[in-house]
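# Report on the structure
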Amino acid sequence: MLNQERLFPTAYVTKKAEHSILSGHPWIYDTEITSPPNCIDGALCDVRSAKGRFLGTGFFNSHSKIRIRLLSRNANDRFDQDFFERRIRYAWEYRKSVLRKEDLTCCRVIFGEADTFPGLTVDRFGDILVTQTLSLGIERIKPLLFPLLVRVLRADGQNIRAIYERNDVAIRELEGLLPEKGFFPIESCAKPEDTKTEIIENGIRYLVDFENGQKTGFFLDQKYNRLAVAKLSRGKRVLDCFTHTGSFALNAAKGGADFVHAVDISETAVNLAKENAERNGLQSHMTFTAANVFDLLPALQESRSRYDFIILDPPAFTKSRKTIDSAYRGYKEINLRAMKLLPRGGYLATCSCSHFMKESNFIRMLGDAAHDAGVSLRQIEARQQSPDHPILWNVPETNYLKFFLFQVV
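Note that the structure is predicted; figures quoted are calculated from it, not measured. Residue numbers run consecutively from 1 along every chain, following the written order of its sequence. Thresholds applied to this predicted model are a pLDDT of at least 70 for local features of residues and 80 or more for the giving and counting of side-chain atom pairs; totals over whole chains, interfaces and linings are not thresholded and use all residues. Values reported for side chains reflect all heavy atoms of the structure, with hydrogen atoms and water molecules removed beforehand.

When DSSP finds at least two bridges between two strands, those strands are taken to pair. A helix here means a DSSP run of H or I that spans at least four residues, while a strand means a run of E at least two residues long, and both kinds are numbered starting from the N terminus. Taking strand neighbours across the sheet as the criterion, the 7 strands line up as β16-β15-β14-β17-β18-β20-β19 in an open arrangement whose pairing is mixed. If you trace the sheet from one side to the other, it starts and ends with β16 (286–290) and β19 (377–383), each paired once. Recorded for the sheet is a direction-independent mean angle of 15° between the axes of neighbouring strands. Taken together, the 5 bridges between strand β15 (residues 259–264) and β16 define a ladder with parallel strand orientation. The residue bridging Val 260 from the neighbouring strand is Met 286, located in β16. Any pair of residues with heavy atoms lying within 4.5 Å of one another is described as a contacting pair. To obtain an axis, a line is fitted to C-alpha atoms, over the contacting stretch when the element is a helix, and the angle between two such axes runs from 0 to 180 degrees between their N-to-C directions. Of the strands in this sheet, β14 (237–241), β15, β16, β17 (309–312) and β20 (402–408) are in contact with helix α6 (residues 247–254), which crosses β15 at around 180°.

See below:
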């Protein structure tokens, strides 16, 4: 499937690309290639500087603005089964080192470039692996890669029943790939009849719909931020905005909140959040509302509703640099409203999951919102995504989640 004799076609790149690669970034853009490789899309090619210096080997795709995604910087690598099995094992051993043992049954196993698998996401929900493939190169080697995923985890005593692909995303079209979803056929796996499974995170049970839920079915990156919220919730009246399937709300309730109000614009999400509350026996001091948070917050302020703790976990308001200004206004609006709704001494958890909303911008927005609300913010914690979504300092795209806990004073 892959050339193992190191006889790869060569792409020559600009000085700018050479500097970027030597600084540790794995992407080479279309405008940075001076001489393209003579190979088919999705195949491996070597990358060299204008002077012939070897810079790495990666997947080539003439359809993509990211023309080459580096897989290795080692000229001696052979891209065979042993190579990819080692890479998977390294990723799994890392998770075993940085996560609590009980979290290994629901975690991100592969986080794309951060685990040197360009364009690949693998999430584990109990005995199901859910994948998302966003690069043509990885798409071509799935028949080799996916059975190895099952093999490595089973060899460590993990029960893996099947792999489900969530490739129903438009971004695949940028790589010349069609959206699709379904079980990936693996000889050692039997196709389950259901596409829902139960997971346990922070001692809370959730039903995960990995066929129809957002992204791969459940957001795993906030697991330890949810614990931080649970710790602050005891004895408080909590408003959880953009609750999705109720994860922050349920952690607050389990943490001893007196009352939790969970809100989401999606009726489907709210119904699933209710089911999750009942699944955990927490429904007696929780209420759920399907509403637009931008409309609800001013209405609650008008009615003088009382909350001691507000959680803002919105979807990404921007997915490109072009819409940062409108995203800034959206983040400021909800944070300003929350700060006005909270009493002095109340608590605020607020976050952004957009890579394009830089931390410095998000902090500036919070300062503007606090100024306009006439309050001061006492920072309790500044947090990021959980460590199974590792951040590579040389790849800023891997650093996307900003999470702050404040007391309003």
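Here the narrative resumes.
Its volume calculated, the second largest pocket comes out at about 280 Å³. Of the grid points, spaced at 1 Å and generated over the protein atoms alone, those admitting a 1.4 Å probe that cannot get out make up cavities, while open sets with protein on both sides within 12 Å along at least five of seven lines make up pockets; any residue with an atom within 4 Å of a point is treated as lining. In terms of lining residues, the second largest pocket is bounded by 17 residues, among which Asp 209, Gly 213, Thr 245, Thr 268 and Leu 272 are the most central. Contributing elements (two or more residues each) for the lining of the second largest pocket: β13 (204–209) and α7 (267–279). In terms of residue count, the dominant contributor to the lining of the second largest pocket is α7 (5 residues). All amino acids are sorted into three groups, where Ala, Val, Leu, Ile, Met, Phe, Trp, Tyr, Cys and Pro are nonpolar, Asp, Glu, Lys and Arg are charged, and the leftover types, Gly among them, are polar. Residues that form the lining of the second largest pocket fall into these classes: 5 nonpolar, 9 polar and 3 charged. Grid points are joined across faces, edges and corners, and a volume is the space filled by probe spheres set on the points.

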